[in-house]
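Breakdown of the fold
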Amino acid sequence: MNAIFITGTAGSGKSLLTSRLLQWYVDRKSFPISVNLDPGVVNLPYKPDVDVRDYIDINTLMETYDLGPNGSLIMASDMIATRLDEIQDEVNNLNPDYILIDTPGQIELFAFRASGPYFVSNFQSDNKVTLFIYDGMLVSSPINFVSIGLLASSVRLRLKIAQINILTKRDLIVDKLRDILKWSSSALSLESSLDNEKDAEYSLLSKDLVRSMSKGGFHQNLIAVSSMTLNGMVNLSAALARIVSQGEEIKD
Ligand SMILES: Nc1nc2c(ncn2[C@@H]2O[C@H](COP(=O)(O)OP(=O)(O)O)[C@@H](O)[C@H]2O)c(=O)[nH]1
Ligand SMILES: [Mg+2]
């Protein structure tokens, strides 16, 4: 079993990518399943095989503890780890090749509280990988690119497993795509784009951050995908296959 945790900012395209990867693996005769870990989601573009909402109900929490929508969502996210055993049992019974785990809409509720990292670290699977999604619509300048890179690095520090960084919505950012991919493949090119930023203070700060992130091995090699046209899915599945096969080599 290979567990793929799909993370990213709210609205970045986690759920749609989950549904596309599901179909991708079905079409290639693998056996994938989807796990919805977002207790607050109302509509999903796929029918989850395993669903945290079967165990945690936001409305019950609101009524029982007299909480508002935000408080109950925080409480629900904190409870995800308490349901690990049941979710693990359901997954093990299905025994799939790939487990696509769609995480809560608000990344901070999953990655930056105790429950998410606990779940990731204690979930049993042969291989585990995080996909971190850069929302293509948010990467509009080199400084924004650096700020999302920091978030990606921060998620990696919290979840502590292999991570693949993805840029979604490439169909909506055709004009910017070349620049963004250049920034992601070369720290030097990113620094020279940062040189052209008007605000010298933020340009310098961003350059310092890029240097220390590259030194620390946080190289942002983005894979650009579109969940609308499926452009880039081949590259994403190849990157996933590399991580899965590395895991198998280590086990031999
Ligand atoms: N054009 C385009 N829209 C996308 C893409 N990925 C997601 N979206 C749209 O972005 C919105 C948020 O996507 P969703 O998967 O719900 O994001 P989540 O909050 O991260 O789960 C939805 O309206 C999607 O249809 C993409 O690659 N291209
Ligand atoms: Mg979602």
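Further up the page is the structure itself.
Presented here is an overview of the structure given in this document. (Residues numbered from 1 in each chain as written. Chains lettered and ligands numbered in written order. Predicted model: local features only at pLDDT ≥ 70, side-chain atom pairs only at ≥ 80, totals over all residues.)

When you line up the elements, P45 lands in the loop between β2 (32-36) and β3 (50-51). Using a count of 13 C-beta atoms within 10 Å as the deciding quantity, one classes P45 as partly exposed. For the pair P45 and R20, spaced 25 residues apart in the sequence, the C-alpha separation amounts to 9.3 Å. Other than its neighbours up to four places away in sequence, P45 contacts S15, L16 and S19. (Helix = DSSP H or I, 4+ residues; strand = E, 2+ residues; numbered from the N terminus. Buried ≥ 20, exposed ≤ 12 C-beta atoms within 10 Å, placed from the backbone. Contact = placed C-beta atoms within 7 Å.)

This part is about the pairing of strand β5 (residues 127-135). Regular strands place side chains that alternate from one sheet face to the opposite one. Among the nine residues of β5, nine are classified as buried, and the element is accordingly described as predominantly covered. Residue alternation in β5 divides its side chains into two sets, N127, V129, L131, I133 and D135 and K128, T130, F132 and Y134, and both sets are buried. Inspection of the sheet shows strand β1 (residues 2-8) paired to β5 by seven bridges, in the parallel sense. The residue bridging F5 from the neighbouring strand is T130, located in β5. In this sheet, strand β6 (residues 162-168) lies alongside β5 in parallel orientation, the contact comprising seven bridges. For L131, the partnering residue across the bridge sits in β6 and is I164. Note on the crossover from β5 through helix α7 (residues 142-159) to β6: the handedness is right-handed. (Pairing = 2+ DSSP bridges. Right-handed = clockwise from strand over helix to strand, strands pointing away.)

Positive phi, close to 60°, is recorded for K169, a residue that is not glycine. For K169, the position within the fold is in the loop between β6 and α8 (177-185). The class for K169 is buried, based on 22 C-beta atoms found within 10 Å. Notably, L230 is not glycine yet its phi reads approximately 70°, a positive angle. Structurally, L230 can be placed in the loop between β7 (223-224) and α11 (233-251).

Taken together, 16 residues sit near ligand 1, with G13, K14, S15, L16 and S227 positioned nearest. If one sorts the elements of the shell around ligand 1 by residue count, helix α1 (residues 14-27) sits on top with three residues. Looking at the shell around ligand 1, its residues break down into four nonpolar, nine polar and three charged. (Near = placed C-beta within 6 Å. Nonpolar A, V, L, I, M, F, W, Y, C, P; charged D, E, K, R; others polar.)

This paragraph deals with helix α10 (residues 200-215). Taking 1.5 Å of rise per residue, the 16 residues of α10 would be expected to cover 22 Å, and the 23 Å separating its terminal C-alpha atoms lies within 8% of that figure. Looking at the residues trailing α10, positive phi occurs at G217, about 85°. (Expected span 1.5 Å × (residues − 1).)

Direction vectors running N to C along helix α9 (residues 187-195) and α10 enclose 175°, while the axes themselves pass 9 Å from each other. Taken together, the axis directions place α9 and α10 in an arrangement best described as roughly antiparallel. Listed contacts from α10 to A187, L190, E191, L194 and D195 of α9 are S203, S206, K207, V210 and S214. (Axes fitted to C-alpha atoms, helices over the stretch in contact; angles between N-to-C directions. Parallel < 35°, antiparallel > 145°, perpendicular 65-115°, else oblique.)

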